[in-house]
Each structure stands twice: as structure tokens, then as C-alpha cells.
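Summary of the model geometry
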Protein chains: 2
Amino acid sequence: MSEAETSPRATRRKAGERRERISRVTDYHNLTNPFPKMKVFSDDRIDAIHEASLNVLENLGIKVLLPQARELFKNGGAKVDESTEMVFIGRDMVEAAVGSAPGSIPIMAGVRDKDILLAPGKLVFQCGAGAPNVTDLERGRRPGTLADFRELVRLNQHFDVLHMVPPIVEPQDVPINLRHYEVMRAQLNLSNKVPFVFSRGTPQVLESFEMIRDFRGLSDEEFHATSQCYTIINTNSPRQLDIPMAQGLIDFAKAGQVSIVTPFTLMGAMAPITIAGAITLSHAEALAAITLTQLVNPGAPVCYGTFTSNVDMKSGAPTFGTPEHFRASLAAGQLADKIGLPWRSASGSSANINDAQASNETQFGVWGCLLAGATVIIHAAGWLEGGLTVSYEKLVTDCEVLQMVAELCTKAQAGDDEIALDALAEVAPGGHFFGANHTMQRYQTEFYEPFIHDCSNFGSWSEAGAKDADHRATDVWKKILQEGAQYDAPGDRVENLEHYIDKRSGEGGAPPIS
Amino acid sequence: MSEAETSPRATRRKAGERRERISRVTDYHNLTNPFPKMKVFSDDRIDAIHEASLNVLENLGIKVLLPQARELFKNGGAKVDESTEMVFIGRDMVEAAVGSAPGSIPIMAGVRDKDILLAPGKLVFQCGAGAPNVTDLERGRRPGTLADFRELVRLNQHFDVLHMVPPIVEPQDVPINLRHYEVMRAQLNLSNKVPFVFSRGTPQVLESFEMIRDFRGLSDEEFHATSQCYTIINTNSPRQLDIPMAQGLIDFAKAGQVSIVTPFTLMGAMAPITIAGAITLSHAEALAAITLTQLVNPGAPVCYGTFTSNVDMKSGAPTFGTPEHFRASLAAGQLADKIGLPWRSASGSSANINDAQASNETQFGVWGCLLAGATVIIHAAGWLEGGLTVSYEKLVTDCEVLQMVAELCTKAQAGDDEIALDALAEVAPGGHFFGANHTMQRYQTEFYEPFIHDCSNFGSWSEAGAKDADHRATDVWKKILQEGAQYDAPGDRVENLEHYIDKRSGEGGAPPIS
């Protein structure tokens, strides 16, 4: 990391932010990946995978369920068989799309210092997302509700090392025609980080765009000229793009908003059992989706992505943070490099509880993404049960790891002051440096200060209640939530948003149709 | 890892080995590090640190408590002040020693396929070592005994990914004058991996050499001509080499046996608070020890090492698996590269229990060592409380991570068979690959099969008792120990060793004196 960017270390108390820092004052927001890139396959085999993906798109084709999308592909030069809904995309179309897709995507947050830049070399963390359930040690495992979602948005806001708001948990107690209002209300009122919009049909997407536009006081032109939010597009692997996903790609591209394309290809299930085969499929599907966005609006912001892991062949259950998952991330990183786009990868865990397995799988998965040079690493905190549950405690314990990684993104110093020959001369053989001048000048800020990891000795730790990290994490999230709002949106904006939501809700909301 | 060595995957049931494999049949023994090396400091600052270390040795000096060692240094050209026991070592002496120390060290185990090679680029894992206490969920935390040591040697033997026998726990119930007999009896009778010898004075060291020599049926010449065991040398930082450690360096160098030199430099305690300062000190001390071995016997096998982490400045307690520890490993790796010697680094954890913290710290520390290109990574499994305790369960859960790392050391395939265009054509859009021919041919061996990580769903897991990884690890180590000996040494050798030990014990054993 010798040449990595130095992050400013000043703590800045921002207007509207009330939270107290509990770690040292490194800026965890604007990270550049300091890790060397690792290759799993030789460059010529990566070329072969890319070629195979183009071959898949051109000759095997992809099933596209949305008529409008098939028409866009057809008008762009693809061969379309309406009877089978199959689309055969030529390599020239794919290459043009990769050429027009931006290599760097700025996304605006609620305030400038929460903006993010998706560009190769940058490093953006997201907590676990898309879970139907939540769990914590106080209230147990349960289906996710709006109350849970709102709490998790606040926890997500608290940790600077989490850079965007993902759809952390599904608020299942809110009717689907009203859910996007509540998801947006929580994101805009409780957080100023980059918000997420679910691609659940044009009406909901356009209303979500309106809410963000108006909340941020933007004109329609201003909104369309800048990216203000993002969606995640999962293909229906293998080789299928369903109606809401295709519609999302179209709607987001039209509006200049960001699609993060992520085929979810489990080796041995919806993808070939081999890493190379699964990645060939994932790459083909991602390229198809990217192509669609560029047919709609050349230059539309779209982020390449993959989420390729394996299944347990005994049970068929998905597993994460495995050697195969690690290697799939590396392969995807090599392909992302080849096409020159920012890209999203993912960690995860299949553990059922926040234990050694959960920690080890998630961290192992994160290292795969880091060494793959991923721009965005999702499910980097809090994900259990292969994504069926987000754990409050695991979100907290994983953030300790992400903060330690973020510390490695700062520049390390080895000037003469740090080499410290004076201090070495000052302390006699067998002595200690606790009281050395060199130590005294630095001891308050030299080291990362953990907030979950406890290095007290066994006696002190036992006397203090012998709490494991999981239970200490309960204390942390409860304290964060008890302290009050991490972010308070300006009152007039909140009021306008309430008014909008009340009005639309009264009109019946928006159904999830395309 | 595109060009990493392929490890053979055949399971080989070896004579005298009874254990059952519980993971897929990758050979975890002969590993080559597949990870790209990471730099924390620029090359010119590494040069500056090296220069500063030479400066420390030449001008500040190092206190050497053993008269024989001071004499060796003096005869080698060092300036020695007998009144202060300070030794001032010129850079020419250091450079000559680095030049004559072997860049590659083969160490013989009890059988050829457990031999190891310490050479830059190789990867050797050791479990946690040097702990006064042990803990497990059945019997609780307790001072280590011989029974514990023997069990842990057996667990260490079970896991192929643990490559040497370290002094895992101190058998405190054995009198110190007899302890080396019991330590050697356990290592030779219960394991055929490379054994460890404590440097606790010449009598014990020489007796340990004799036991290994005779057990392996070697002549004295054969023993001296090959490395058959190793010791670990910790300096007394700052700038001090105590009597047993200096004696160990001399005795091992004379006998052609391996010293692994590891200054234990905690930033802010016995070393400067800065990474660069602590590493300058560690490097200087390691070079002094290496120089001593080469003065005794040019070409004597000696392994460069570091163990530099930080203290918690609130409590003064040592911490491990921190960002500072990670970076210190990287810096040491750059210095090891510079001098071209194999080198040892370390992971660790300051957690008091095998929880999320314990897992996250140890794995974080391991990644620091891996990206630093460490040859030997010690404390990579089982270490709690900053080394005050070895946990049976943590040893098991950490081995899962080490096995996953070892899987990444094998060569990944991306041939046309793996890209699998046929399989991609065979499965219709939206279908699945479970029954595909390509899957059926591979499903039994394609993926790493975890032995602790459980990917069953929440319902099945709950019905099965809702055991966390820690408790599942209890089941694993109990099963391993219940299955009987992992290794049975040939009876005649065991008998001869018993005879030797009985005789020497009857004569009063050997005191820990130099």
C-alpha cells in the first residue's frame, strides 16, 4: 500500500449528525484498495472465458421475458425469437455496450462527503442485504419488519465504513404496494448515504425517483443528469432475465440512475459446477444486462457484478466464504479488469449464528473480494444463513473487521521519526518504551482502537461478565440505537416527503408491476 | 495463483497412520504461497530500516548475557564491552552472516512425506504455541499438563495443514529437569512431524538431540549433516539476548539444527510504538542472532523471524490480528525479501474465548502473514488470550480456515472442460445444473468439503441441537482423540526411547542450565 491515498484523519462533526465516534478518527469513507490483485487463471484463460461468454450470448442466447426489452435488443441488432423469447446478442453489440458504459460512476448521497465513486481501485463496503429475516440476541430470529429495517438503516448510518444503504431486510409487515414508500422514508429520513431502490416495476421505481428528487430539492433535469440512487439487478440464472429486472435496467438507464448487475450463480445449482463454467455464465448474463442499459441510453451508469459461490453437494444448500467462492471472485475481478468497468462482488456466510464459522466465512469472502480488486463488496457485514437472515450482532462484529481493513487503506509512515533511532537509543537493553518520549507523543492515536475486540486479560474479562463478542455486540447496537437518531433530515424535507407518501398511499400506492 | 504448484490429491494411507480424513483429499502438506506480496513501505524506506538496524547493532549495541556468546562475537570482530556485556556488531559481520546463512532449509520429519522445506515462497503452518494454559468446553480453562500436551500433539498430528510440532502448551505438572523427556516422548511417539526442542540449556538440548538421533536410527554424523528438529529463539527485547537463548543459538548451530529467530517486539512496550521503529528493533535483534549462528558454524540453518504486534494503550495488554500487526508482518516480509532468507511470522488473538473476535483476529493476522509472504506462520490455530491459553476448539475451527487457504494453494483449472459450453447448452434458461452430466461427473470432488462449517438451514440446524461452531469443534476433537492414536511409532524405537528416558530420569534428569 506504499502509494495508497492518505485519508484525512480529522474527525468532522457534521451538521445533522449526532453520533459519537467509538474508534480512532480515521476517515473510513473514501477508500482506495491497497491490496495487490491476485489472479486465479492465466490471462489467456480469462480471454477464453470472455470468448465463451460472447459465444453463449450469440449462439445459445438468453431468454428475456419483457417484450420491451426484446424489442430494444432487436432494434439494437440482436436476433430475437419471439416464440421462445430468446435473444441472441452479437459480440459487436456487447463490445459497443462495454465501450459506452462509464468506467467511473459518481453517485450522490444526501451530503457531499457521503457521495461515493464507483471506479476501479476504489473500495466500497455494504452490509448484508435482501434478507427476509432478522435476528438479535434480545429478540430472537423473526421475519423482518419495517421497525427492523429502520433500526438497521440507523446502524448502517452509524458505521462510516458502510458506504451505501442496501435493502438490508425486507419489511414484510408493509403491504407490497406501499413498501417502497416506507423503504424510502427510512432511507431518506434516517440516513444521508446513497439510497437503494428496488426494481419492482416502473410505478414503484418512478415514485422512488420522485421521492429522492424532491427530497433533495432537484429539478427533473438535475436528477437525470446525476446518479442519485442505485438498484441491484439479479438475473434468473441460467440465461434468463425476468420482467421486473429487465424493466429495472430500462427504467434506471433512462433516468441516468445506477444499475448494479449481479448474476447470482451458484456453482452446481443454477450454474455449472466449475468455477470457470459458472463465471462464464455469470459474465455472459452481466454483459447482456449491461448491453440492455446501453441500448436504452448509451453512457448510462451500470456496474458490472458477480455473486458466484458454490452449493454443498450433500444438501444442495448454498455456501459462502469458501475457497471456490474466493476463486470465483478472483476470476470475476480479472474479467472486470478486462472490460474496464467498476464491479461489485460479495462476501457472505451460511452460518446460522454469529459464531466462529460466521466470522471466518465472511472474512474469508471479504479477502477474496479485496484481492480480486472489487469496487463494491456487499454482504460484508451481518449476513447469516446464506442471506436468509441479517444479524444485528454480526453486523457489528463484522464492522470491526471492515474498519481494520479500512485502516490498511491509509498510508503507513516509515520516515526517520517513525524509525525512531533516538527512542531506540533512549531505552536501555531489557527496558521498555512505555514512558519513552516517542511513545508519549503518539500513544493516543498510533493504534487502531477496537470497539468490539476486547484484549483485557482473562481475569478482568471474567469479572466483567465473561461476555463473548456476540453479546458485547448486543451492547453496542443497543447503545447506538438508544443514543437517538444518527441522522436527522431537515424538517421541511421530511414534511414534504410525508405529504407525498400520505397522498400516494391514499390513492392506493403503487403495485409491483412493470 | 495461476502458476502455483499443483498438489497431488490422492489420499495415501501411510503405514502407522490410522486417522480418517474428514475433508476432501487435497494434499495439505507441501504448500506454495499463491498470494501476491504486499508492501507496506516503499523500497527505499525498507532500505532505511535495514540501515537503521545495522546502525543499532554497530553503535547502540546489544546486550549479550552469555560470556561464550560475547567471546564468539569478539573473535568474529565485534567490539565487546565486558563491563556492560554490550556487543557492537559491525555491518560487515552482519552481511557475511546473511551471506552464509542458507536461503533454503530442509528439515526432516519422522517420515519423508512429512519433511518440510523452509524456503522463500513455501508455506508452513503451525498451531498456537508456548501457552501456559489450555481450555476446552468440556474441562474448562486450566494450567497445561502433560496429558494436555499429548492430546494436543495428537490433534496437531491429525491435521495435515499443521506442518510441524510446536511447544503447544507447557506441561507444568512435569518437573523442569524431566520435562524435555516427556515433551520428546510425546512428539516422537505420537507424531511423525518435525519436532521442537526447547532451548533450556545445553544439557537438555543435547539430550533432546540424542533422543531424536537414536529414535530415527541415525549416526551422529548423519544427525549433524541434516536438520532433524528446530528451536525458537526469542530475544529479550529491547536489545538483549539472554543466556539460554544465546546458548540455544550456539548449540543448534553447532549441531546443524534449525534456530527460528523471533524477536517478540510489542509496539509501545518492549519496542518503539511505531511499526517502522519496532521493526527496526526486531530486524536488528534477528540479525544479531543470525550472526551468532554463522560465527559458530557458517552455513548453519537459521530462519529469520519476527513477531511484532501492538499493545492496547489503555491497558498495556498485547493485541494481535490488528491493522498494526498486519502491517508489521508486511514490513518484515519486505526485509526478509531483502536479505533473502526464509522467515517466520505469526498470527494470534487476544480474545478470551473462541468467539467472533478470536476468529476474526486470527484470520486477519493470518492474512497479514500470507500477503507478507511468510514461510512459517505460527499461532495460526488455537491461540487465545495473547498466547496464555491454547483452546482445543479454536485449534479445530482455525484449521478449517487454514485448510481453505491450503485449497487456494492448488492450481485452479479453466480449460475448455471447466468452461463447459456443452453444459451451458444442455441446461435450458431458468433451469438448473444439478442433474447435468458435467455436474454428475464432478460433484463428489469439485468443492472443498468443510468439517466444521455447517451450511444446513436454520430449521435442520436447530433440530440438530443448534450447536455453534465452538461446540461442534468439541465433537470433532473428542472424536479424533477417541479414535485412537493418529500415529504409532515403531515399537522398538518406542522401547529404546523409554529405556533412555528411564535411565536418565533415574540419574536425576537434566537441569535447565547453560
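Our subject is the structure listed above.
About the thresholds
- Residues numbered from 1 in each chain as written.
- Chains lettered and ligands numbered in written order.
- Predicted model: local features only at pLDDT ≥ 70, side-chain atom pairs only at ≥ 80, totals over all residues.
- Heavy atoms only, no water.
- Helix = DSSP H or I, 4+ residues; strand = E, 2+ residues; numbered from the N terminus.
- Polar contact = N/O pair within 3.5 Å; in protein donor to acceptor, adjacent residues only side chain to side chain.
- Phe/Tyr/Trp six-rings, centres within 6.5 Å; stacked < 30°, edge-to-face > 60°.
- Buried < 20%, exposed > 50% of the residue type's maximum accessible area, 1.4 Å probe, protein only.
- Lys NZ or Arg CZ within 6 Å of the ring centre and 35° of its normal.
- Salt bridge = Lys/Arg side-chain N within 4 Å of Asp/Glu carboxyl O.

Position of Thr389(A) relative to the elements: it lies in strand 20 (residues 389–391). A distance of 3.5 Å separates polar atoms of two side chains, one belonging to Thr389(A) and the other to Arg141(A).

By the definition in use, this model includes 35 aromatic pairs over all chains. Residues Phe326(A) and Phe364(A) carry aromatic rings whose centres are separated by 5.2 Å and whose planes lie at 50 degrees to one another, so their mutual orientation is tilted. One end of the pair, Phe326(A), is in helix 10 (residues 323–339); the other, Phe364(A), is in helix 11 (residues 356–371), with 38 residues separating them in the sequence. Here the aromatic rings of Phe264(B) and Phe320(B) are separated by 6.3 Å at their centres, their planes lie at 10 degrees, and the arrangement is stacked. Placement of the pair is Phe264(B) in strand 13 (residues 264–267) and Phe320(B) in the loop between strand 16 (318–319) and helix 10 (323–339), with a sequence separation of 56 residues. Residue Phe320(B) is classed as buried on the basis of its relative accessible area of 0%. Cluster of aromatic residues (ring-pair linked, three or more members): Phe35(A), Phe326(A), Phe364(A), Trp367(A), Phe35(B), Phe326(B), Phe364(B) and Trp367(B). Positioned above the aromatic ring of Phe458(B) is the side chain of Arg141(A), whose terminal nitrogen or guanidinium carbon lies 4.1 Å from the ring centre.

What follows concerns the pattern of salt bridges. Tallied over the full model, the rule gives 57 salt bridges over all chains. As a salt-bridge pair, Arg91(A) and Glu95(A) come within 3.6 Å of each other at their nearest N and O atoms. Pair noted here: Arg91(A) and Glu95(A) are both in helix 3 (residues 91–100), with a separation of four residues, about one helical turn. Judged by its relative accessible area of 29%, Arg91(A) is partly exposed. Note that Asp475(B) and Lys467(B) form a salt bridge whose closest N and O atoms lie 2.6 Å from each other. For Asp475(B), a relative accessible area of 36% corresponds to the partly exposed category. With relative accessibility at 34%, the residue Lys467(B) sits in the partly exposed group. Taken together, the salt bridges that share partners define one network made up of Asp136(A), Arg139(A), Arg142(A), Asp148(A) and Glu151(A).

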